[in-house]
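Summary of structural features
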Amino acid sequence: MCGIVGYVGPGDTLEVLTSGLKRLEYRGYDSAGVAVLDDYGEMHVRKRSGKLARLVELLDDQPIAATGTGIGHTRWATHGGPTDVNAHPHLGDDGKLALIHNGIVENFAELKAEIDAAGIELVSETDTEVVAALLGLEVSRTGDLETAFRAVVKRLHGTFTLLAMHRDDPARVYAARHSSPLVVGLGDGENFLGSDVAAFVGYTRRAVAVEEDNIAIITPDSVRIIDFDGAPVSFEEYEVAWNTDAADKGGWDSFMAKEISEQPDAVANTVRGRVVDGHIEIDELTALGDAPLQAIDRIIIVACGTASYAGQIGAYAIEQWARVPVSVELSHEFRYREPVLTDRTMVISVSQSGETMDTMMAVKYAKERGVTTVSVCNTQSASIPRESDAAVYTHAGPEVAVASTKAFTAQITALYLIGLHLGRVRGTLTEADEAAAILAFESLPGHVAEAVATHEQIAQLAHWMADTRSVLFLGRHVGYPTALEGALKLKEIAYIHAEGFAAGELKHGPIALIDHGQPVFVLVPSPRQSPVMHSKVESKIQEMRARGARVIAIVENGDTLVLPFADDVIRLPLVDSIFEPIVQVVPLQWFALELATAKGLDVDQPRNLAKSVTVE
Ligand code: AGP
């Protein structure tokens, strides 16, 4: 899950590389490095463990007069710890070539034996340096980087995007992809490479997605794509839908804060254009034809982390509206248990990045078995939507903070739209329900904005609770996965033990955790719409209170029933029950952010994590 950037052109190479790496830092921040050529054609590498800022300091201390060719890398460590020496780029061919890598080379031990036998001494513990050395050997054998590059990529097992440049071929960067992302940016007299378009969107919005097992070769004036056998591959360019403003902090202290506040727009933009003449219509599903959608007898949602909780919430709505059984599986569990799949199964993947390897492999597995695959994705032209039969994009805009927020609410929105579309096509959705959902979507952005406005109240609460060591979250029905998401947010950015429970499960074990002062967030269902569930959750609150818990109740405005039993009350606007997660999660996101901030932590780049998990 590293970030890679490549450049050829007359621009300020180091500026292009470091600004690209800044925008890719969400992919990993264990180390950063660049390789560039100087005016005399000499290769220079600067690299350092830690965040990009440390590399920038190094470049200030040890400047390079770079010419127009360079590659840059930001690392999430796999092979070898996060040290200076393990940072990329790595050198081969006696220092004449530089190579960076995103992924894992699984047959690295076998390849290393070959390098050892050739008497080449490696300095790092990485699989990447082995590839650099191997490429060096091939270049000396063939005398040609392109031939050598093709020969080497064919020998690698595992996952990789590789970028290579050579002193003797100074105006070219070579890039190959196998199960890791790669895009080309098309400039005017300059060209770019990146793990995603964020790498170059400050310079150009014209992009080309490089397909699986292809090689891209860029010069200032040309882009050539070939397959691993050297056959030319045609490609199409597309325009990137967002610009650099969307990828900057816009006055907020963190990307996460900015992204939480952007949720009204994320929801509105995901619905936009999908209500046509009073009906929910998703063009991408219409393109599949109604017959296959009518025939499906089962849906499996595959996703990881936050996206899987969005999937769990979506499952309630899809079953309710489309009357088809829906199960939700973690992508990495799905394919290893030989699931029962037929030509009437639909697999819906949910992924913000569209590059999560576990989810990608689950989609491939399903596709190979003839299943209809639909991707819910936030990243235009990412690998998973391209692999799927239909791509339903969320339009949340770029999400940079590692902790997912606006993508989550946009994913729920997209899954609800899918449920409504399927319900209409399958004849299971009543006109009244469709009209009610459309009305709810209209008012939703405003209600999410009200939830965003709880920020100050939550900040105070988090400030008082800065020393808390454990927090529990409780919900019922769609509130249950929302509780799981609240707990995940807290774990990942505040490093606090947190667990989410289904309220009804409390008495089956977890209530033993309740001790004096134990904070418990309770997502309280609406008493107007779900009086039975409300009263059941209310009794849980009383049971916990009786055992000394500190109850923080998240209620809809006007719910006075739980007031006597709650220590803190967070009030949210009235929404239809099924839409509750989209507003209830917002204070939980703020709570995690504010608690992490109170502990002095970096909320955008939590330890040990990377945003896009492109290894299995
Ligand atoms: C969310 O806060 C996490 N960082 C993580 O669980 C994430 O949702 C998961 O890795 C899936 O990512 P994706 O949506 O890009 O597939």
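Residues numbered from 1 in each chain as written. Predicted model: local features only at pLDDT ≥ 70, side-chain atom pairs only at ≥ 80, totals over all residues. Heavy atoms only, no water.

**Looking at the pairing of strand E23 (residues 497-502)**
Regular strands show a simple pattern: their side chains alternate between the two faces of the sheet. As defined by bridge partners, strand E22 (residues 470-475) adjoins E23 across 6 bridges and the pair is classed as parallel. Among the inter-strand pairings, Leu 474 is bridged to a residue of E23, identified as Phe 501. Read as a crossover between parallel neighbours, the route from E22 over helix H17 (residues 479-494) to E23 is right-handed. (Pairing = 2+ DSSP bridges. Helix = DSSP H or I, 4+ residues; strand = E, 2+ residues; numbered from the N terminus. Right-handed = clockwise from strand over helix to strand, strands pointing away.)

**Observations regarding the domain arrangement of the chain**
Along its sequence, the chain is carved into domain 1 (3-246), domain 2 (248-450) and domain 3 (455-598). Placing a centre on the C-alpha atoms of domain 1 and another on those of domain 3 gives a separation of 46 Å. (Domains from an automatic or database assignment.)

**Quick look at the packing of helix H3 (residues 108-117) against helix H4 (residues 127-142)**
Contact pair H3 / H4: the axes reach a minimum separation of 9 Å and the direction vectors enclose 45 degrees. Considering their axes alone, H3 and H4 lie oblique with respect to each other. Helix-helix and strand crossings are classified by hand; for H3 and H4 the assignment is left-handed. Two secondary-structure elements touch here, H3 through Phe 108, Leu 111, Lys 112, Glu 114 and Ile 115 and H4 through Asp 127, Val 130, Ala 133, Leu 134 and Leu 137. (Axes fitted to C-alpha atoms, helices over the stretch in contact; angles between N-to-C directions. Parallel < 35°, antiparallel > 145°, perpendicular 65-115°, else oblique. Left-handed = near helix turned anticlockwise from the far one by under 90°. Contact = heavy atoms within 4.5 Å.)

**Structural notes on the packing of aromatic side chains**
If you walk through the whole model with that rule in mind, you get 12 aromatic pairs. When the ring of Phe 149 is compared with that of Tyr 174, the centres are 5.9 Å apart and the planes differ by 55 degrees; the resulting orientation is tilted. Of this pair, Phe 149 sits in helix H5 (residues 145-155) while Tyr 174 sits in strand E8 (residues 173-178); the two residues are 25 residues apart in sequence, bridging distant segments of the chain. Judged by centre distance (5.9 Å) and plane angle (80 degrees), the ring pair of Phe 334 and Tyr 365 falls under edge-to-face. Of this pair, Phe 334 sits in helix H11 (residues 331-334) while Tyr 365 is found in helix H12 (residues 357-368), placing the two residues 31 residues apart along the sequence. For Phe 334, a relative accessible area of 0% corresponds to the buried category. A network of ring pairs unites the aromatic residues Tyr 7, Phe 192, Phe 200 and Tyr 203 as a single cluster. Sitting over the ring of Tyr 365, Arg 369 keeps its end group 3.5 Å from the ring centre. (Phe/Tyr/Trp six-rings, centres within 6.5 Å; stacked < 30°, edge-to-face > 60°. Buried < 20%, exposed > 50% of the residue type's maximum accessible area, 1.4 Å probe, protein only. Lys NZ or Arg CZ within 6 Å of the ring centre and 35° of its normal.)

**A word on the site of the ligand**
In the region of the ligand, 14 residues are neighbours, and Ser 351, Gln 352, Ser 353, Thr 356 and Glu 492 sit closest. In the model, an oxygen atom of the ligand is placed 3.2 Å from a nitrogen or oxygen of the Thr 306 main chain. At 2.6 Å, a side-chain N or O of Ser 351 approaches an oxygen atom of the ligand. Looking at the shell around the ligand, the elements with two or more residues in it are helix H10 (305-322) and H17. Here the residues of the shell around the ligand sort into 5 nonpolar, 7 polar and 2 charged. The residues that make up the shell around the ligand include at least three from each of domain 2 (248-450) and domain 3 (455-598). (Near = heavy atom within 4 Å. Polar contact = N/O pair within 3.5 Å; in protein donor to acceptor, adjacent residues only side chain to side chain. Nonpolar A, V, L, I, M, F, W, Y, C, P; charged D, E, K, R; others polar.)

**Overview of unusual backbone geometry**
At the junction of His 88 and Pro 89, the peptide bond is cis and its omega measures out at 0 degrees in the coordinates. Residue placement: Pro 89 occurs in the loop between strand E4 (66-75) and strand E5 (90-92). Although it is not a glycine, Ser 179 sits at a positive phi angle of roughly 60 degrees. Note that Ser 179 resides in the loop between E8 and strand E9 (183-186). Overall, Ser 179 belongs to the buried group, its relative accessible area being 14%. Phi at Glu 338 takes a positive value of approximately 50 degrees, unusual for a residue other than glycine. Locating Glu 338 in the fold gives a position in the loop between H11 and strand E19 (345-351).

**Let's talk about the side chain of Thr 413**
Among the structural elements, Thr 413 can be located in helix H14 (residues 406-426). A residue is classified by how much of its surface remains accessible, and Thr 413, at 0% relative accessible area, is buried. Setting aside residues up to four positions removed in sequence, Thr 413 forms contacts with Val 267, Thr 270, Val 271, Phe 441 and Ile 582.

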